[in-house]
Every structure is written in structure tokens, then in C-alpha cells.
Amino acid sequence: MTNVKPALVPQHERTESAPRLTGRTILGMLGRYPMVVVLAVLLVVTSFVYPDFWSPTNLQNLGTQNAALAVTAVGTTFVMIAGGFDLSVGATFAGGAVFYISMDGTLPVFLAVLGSIAVGLVAGLVNGIVVNVFGVNPFVATLGSASVITGLVSLYYSNITVKFAQHDSVKYLGTKMWFGVPVSVAMAGVVIVIAGLALAKTTYGRSIYAIGGNVQAARLSGLRVGILSASTFIFIGALAAFGGVLQASQVGTASPAFGATLTLDSIAVVIIGGTSLLGGEGAVWRTVVGISILAVINNVFAYLTLDPNLQSVIKGMIVIVAVAVDVWVYRRQSS
């Protein structure tokens, strides 16, 4: 008889198994997918408040504006499910963007993209080593590395002459369309699908859930916890830099302050989607739901031309309420 090791049963499989609905369907959905219900209600309300919300032009703009965040947030999902935390994604995002723009006229676009991703890989590798080899708390380690990366990017930026895209090819990823779909949105979609399948369907994904759910049990089960944890930091570094490339390609420029709000935004959408800060629970599709919620809110606010300060207040309240609902439902299910 084969023994099943508890550490290898990922949290998402324990919490996302087929539910037994004992009440009405809508109540069952609220209990299982609270943020999906929030998004559905938000879309219905938005349809009345903003009649042109569903127009192809607005949807294309909505996707383009959030493609870079989506790519970065996928990496944040992996790190948080593994029980880690990364505050350096904004700095890495800016690093990828600045390097990409600086290579305008020097390298072909494809090689410039690969070079930017390599910048992110190095940043993520350093974070992974500091956290898993030297045992530094990920919050402290990545807070420090964010400062280091920002400083290095600023030094590099002050010594380059190309700060604005000079060739149309550099803007290809951010401005061109494939069969009516923005290239940046298509790229984000590919990242989401591949990462989602890797997390949900592969041994690697199950191992990530295992170390986030119970790191000691995972270690006793023979998982190479240090390497697995480090791989999530490398992954998020690469995706953050690629996100920076997409953003730089859209606006045609970059600077060290490029990712000033990206770190908090990526963490916010992941948490809103339902990924646990404690690790071991979450999914890429949940992050997509979180991104969608904030994207719709921002889009409606822009349409209503609300005062930016009021927007910040309302968005903060919505985020708090959304997370509170998720916690309330979780506690009811656990009791």
C-alpha cells in the first residue's frame, strides 16, 4: 500500500476541491469564490455607470494598461504561495525597463528583451540566495535589495544617452496588435496560462504549495526547500523585468522611478484574489480576478474623473472590504 506524504498534498487541492452545496447556488458560489462574486457584481454596476465600458476600444485599453501588472503579479503569486515575500519587484521592473530602452539602436529588440529578463533573473537569484542560503527574512532581504537595485539602476540611467525610444521596433510589444488583440495583452495571456498550468498541474507547482503550507513537513518529505524557494524569487525577477519591458514599450521611455507603485499594486491584487500571506494557498486565476477588480475600479474612476485623492480613499476602502469578506468567508468555512 502506497503511503501519501502529507506535505505533497498542496493547500489549493484541499481548499479548492469540489464543494457540497447545501444552500442556494449563489450562496455556494459566495462561499467558494467570494472575489469572483465581487467582480461579477462590480461588472454589473459598472455596466450601468459606464455604458461604454464593454466597447472594444475600452477593453483593449483596459488590457494594455494592466498587462505589465498582470505579468508581474503572476510572479508575486508564486513567491507568496511558497511562503515568501518580495518588495523588490518595483525596482526590478524599473531595471528591466531602463535596460530595454537603453538598448535602442544597440541590440535587436529580441535580444534587448532577453537582456532585460536576464537583469531580472540576476536580481531574483541574489534575493533567492540571500533568503535561502544566508537565512535573511524575505521582507528584510528584499527591502534591502530594492534599495540596492534602485541605486544601481539610477547610476546606470545617469550614464546612458538613450532615455526615449528612437525606433518604432522598440514600441512593438506595447503598441502593435495581433488579430485585434494588443501584443502586450497576448504576452500577458501566455504568461498567465503557462504559469497557471505549471502551478496547478506539475510536480513543481505541487512542491511550491507544499513548502508554503508546511515548510518543515516539506523538508522531511525530501523536497529541496531552499532551491524551490529560490526558484520563485528568480521567477518573479524575470517576470518583473519583462513587465518593465512591456511598460517601457507602451510609453516609449523608462526611468528608475518606473515601478514606484508596482510593488504594492502587485501584492494588493494577489491578496485580493485570495492568495494567502501565510503561504500554501492561492492560484494564478485568483490573481487574474484580483487584477480585474482593481482594473475595473480604476477604469470607472477615470471615466467619472474623480479627484485623485478621493480615488485613493475609495480604492483603499474597497480593497479592505474585499479582503475582509474573503477572511469572513474563510472563517465561516473553517468553523
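A few points on the structure. (Residues numbered from 1 in each chain as written. Predicted model: local features only at pLDDT ≥ 70, side-chain atom pairs only at ≥ 80, totals over all residues. Heavy atoms only, no water.)

1. A look at the nonpolar core
In this structure, Tyr-100 and Ile-101 are the most contacted members of the largest nonpolar core, which totals 64 residues. Per-element accounting of this core gives the leading share, ten residues, to helix α4 (residues 56-81). Grouped together as the second largest cluster of nonpolar side chains are seven residues, Val-79, Val-89, Val-131 and Phe-233 included. (Core = buried A, V, L, I, M, F, W, Y, C linked by side-chain atoms within 4.5 Å. Buried < 20%, exposed > 50% of the residue type's maximum accessible area, 1.4 Å probe, protein only. Helix = DSSP H or I, 4+ residues; strand = E, 2+ residues; numbered from the N terminus.)

2. Some details on a nonpolar patch on the surface
Taken together, Val-41, Val-44, Val-45, Phe-48, Val-49, Tyr-303 and Leu-304 make up a surface patch of nonpolar side chains, about 650 Å² in accessible area. Those elements that provide at least two residues to the nonpolar patch are α3 (34-49) and α14 (284-304). Tallying contributions element by element places α3 first for the nonpolar patch, with five residues. Inspection of the secondary structure puts Leu-304 in helix α14. The exposure class of Leu-304 is partly exposed, given its relative accessible area of 36%. (Patch = residues over 30% accessible without salt bridge, like charges linked within 9 Å, V, L, I, M, F, W, Y side chains within 5 Å. Areas by Shrake-Rupley, 256 points an atom, 1.4 Å probe, with all protein chains shown as cover. Salt bridge = Lys/Arg side-chain N within 4 Å of Asp/Glu carboxyl O.)

3. Let's talk about α4
Residue Ala-67 marks the point of greatest curvature in α4, where the axis turns by about 45 degrees. Positive phi appears at Gly-83, one or two residues downstream of α4, with a value of about 90 degrees. (Bend = angle between axes of the 7 residues up to and from the residue.)

4. Details of the packing of aromatic side chains
A complete count under the given rule lists seven aromatic pairs for this structure. With centroids separated by 5.0 Å and ring planes inclined at 90 degrees, the aromatic side chains of Phe-53 and Trp-54 adopt a geometry described as edge-to-face. Classification of Phe-53 as buried rests on a relative accessible area of 1%. Assessed through its relative accessible area of 46%, Trp-54 is described here as partly exposed. Seen from their ring centres, Phe-99 and Tyr-156 are 6.4 Å apart, and the 25 degrees between their planes marks the pair as stacked. Remark: Tyr-156 occurs in helix α7 (residues 138-158) and Phe-99 occurs in helix α5 (residues 89-102); sequence separation between them is 57 residues. Each residue in the set Tyr-50, Phe-53, Trp-54 and Tyr-303 is aromatic and connected to the rest through ring pairs, giving one cluster. Sitting above the plane of the Tyr-157 ring, Lys-163 keeps its charged end 4.9 Å from the centroid. (Phe/Tyr/Trp six-rings, centres within 6.5 Å; stacked < 30°, edge-to-face > 60°. Lys NZ or Arg CZ within 6 Å of the ring centre and 35° of its normal.)

5. A few points about the environment of Asp-104
For Asp-104, the position within the fold is in the loop between α5 and α6 (109-132). Placed 61 residues apart in sequence, Asp-104 and Ala-165 show a C-alpha to C-alpha distance of 6.4 Å. Dropping the residues within four chain positions of it, Asp-104 is found in contact with Val-162, Phe-164, Ala-165, Gln-166, His-167 and Val-170. In terms of polar contacts, Asp-104 uses its side chain to reach the backbone amide nitrogen of Gln-166, at 2.4 Å. A distance of 2.6 Å separates the side chain of Asp-104 from the side chain of His-167, its partner in a polar contact. (Contact = heavy atoms within 4.5 Å. Polar contact = N/O pair within 3.5 Å; in protein donor to acceptor, adjacent residues only side chain to side chain.)

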